[in-house]
Amino acid sequence: MKNIVALQAAVTADGFDHEPTAAELDAIETEMPVILARIELLDAQIVTLDRTPTELDQQRIRRARRRVMAARRELSNQAAATVTGGAA
């Protein structure tokens with residue numbers, strides 16, 4: 001019986017074997033309101049997957065969509081203020 005062993009070093013890059021940089025963590029922190037709003041929207045949509053949405057479910061989904069849009073708008077405004085050099 002022959003042993004099958006890799007004769008070469010692993011081909012995959014070592015780029016994924018490190019911690020996130022400070023810049024990456026800052027980017028995640030900046031986008032966190034959008035991420036949380038999208039999670040809330042997904043939660044509201046998941047609840048209605050196996051049943052007909054009630055009026056309360058529809059209100060929850062609409063509210064969650066508005067929060068996603070507001071969070072995106074705020075993030076865009078912050079990015080635009082950063083690019084133009086203005087204060088947010």
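Residues numbered from 1 in each chain as written. Predicted model: local features only at pLDDT ≥ 70, side-chain atom pairs only at ≥ 80, totals over all residues. Heavy atoms only, no water.

Trainee: Looking at this structure, how should I read the overall build of the protein?
Mentor: Check the secondary structure of the protein and you find 2 helices and 0 strands. Looking at the protein as a whole, 12% of its 88 residues are labelled buried. Looking at the protein alone, contacts between residues at least 24 apart form 52% of all its contacts between residues at least 6 apart. When the accessible surface of the protein is totalled, it reaches about 7,700 Å², and 59% of it is carbon and sulfur. (Helix = DSSP H or I, 4+ residues; strand = E, 2+ residues; numbered from the N terminus. Buried < 20%, exposed > 50% of the residue type's maximum accessible area, 1.4 Å probe, protein only. Contact = heavy atoms within 4.5 Å. Areas by Shrake-Rupley, 256 points an atom, 1.4 Å probe, with all protein chains shown as cover.)

Trainee: Help me understand helix α2 (residues 55-84), please; the structure alone is not making it clear to me.
Mentor: Every α-helix winds through 3.6 residues per turn, so residues three or four apart in the chain are directed the same way. Here α2 is 30 residues long and its end C-alpha atoms lie 43 Å apart, about the 44 Å a rise of 1.5 Å per residue gives. Taken together, the buried positions of α2 are D57, I61, A64, V68, A71 and A81. Count one or two residues on from α2 and you reach G85, which has phi positive near 85 degrees. (Expected span 1.5 Å × (residues − 1).)

Trainee: Please clarify how the nonpolar core should be interpreted in this entry.
Mentor: Most often, soluble globular proteins keep nonpolar side chains buried together rather than apart. Counting residues in each nonpolar core, the largest one holds 8 residues, listed as V34, A37, L41, A44, I61, A64, V68 and A71. Breaking this core down by element, the ones donating at least two residues are α1 (22-47) and α2. Look past the residues within four positions of V68 in its chain and what remains in contact with it is A37, R38 and L41. (Core = buried A, V, L, I, M, F, W, Y, C linked by side-chain atoms within 4.5 Å.)

Trainee: I tried to follow the side chain of T48 on my own but got confused; where do I start?
Mentor: Here T48 lies in the loop between α1 and α2. Polar contacts involving the side chain of T48 include one to the main-chain carbonyl oxygen of Q45, which spans 2.8 Å. Leaving out residues up to four positions away in the same chain, T48 has contacts with P53, D57 and I61. (Polar contact = N/O pair within 3.5 Å; in protein donor to acceptor, adjacent residues only side chain to side chain.)

Trainee: Even after reading the chapter, I still don't get a nonpolar patch on the surface, so can you show me in this structure?
Mentor: A cluster of nonpolar side chains, L25, I28, I35, L36 and I39, forms an exposed patch at the surface whose accessible area comes to about 420 Å². For I28, the position within the fold is in helix α1. (Patch = residues over 30% accessible without salt bridge, like charges linked within 9 Å, V, L, I, M, F, W, Y side chains within 5 Å. Salt bridge = Lys/Arg side-chain N within 4 Å of Asp/Glu carboxyl O.)

Trainee: It is not clear to me how the pattern of salt bridges should be interpreted in this structure. Could you clarify?
Mentor: Where charged atoms from two side chains of opposite charge approach closely, those side chains can pair. Counted by the stated rule, this structure contains 3 salt bridges. Among the ionic pairs, E55 bridges to R62, the shortest N-O distance being 3.4 Å. Residue class for E55 comes out partly exposed when judged on its relative accessible area of 46%. Overall, the relative accessible area of 38% leaves R62 in the partly exposed class.

Function cannot be read off these values alone, since they describe shape.
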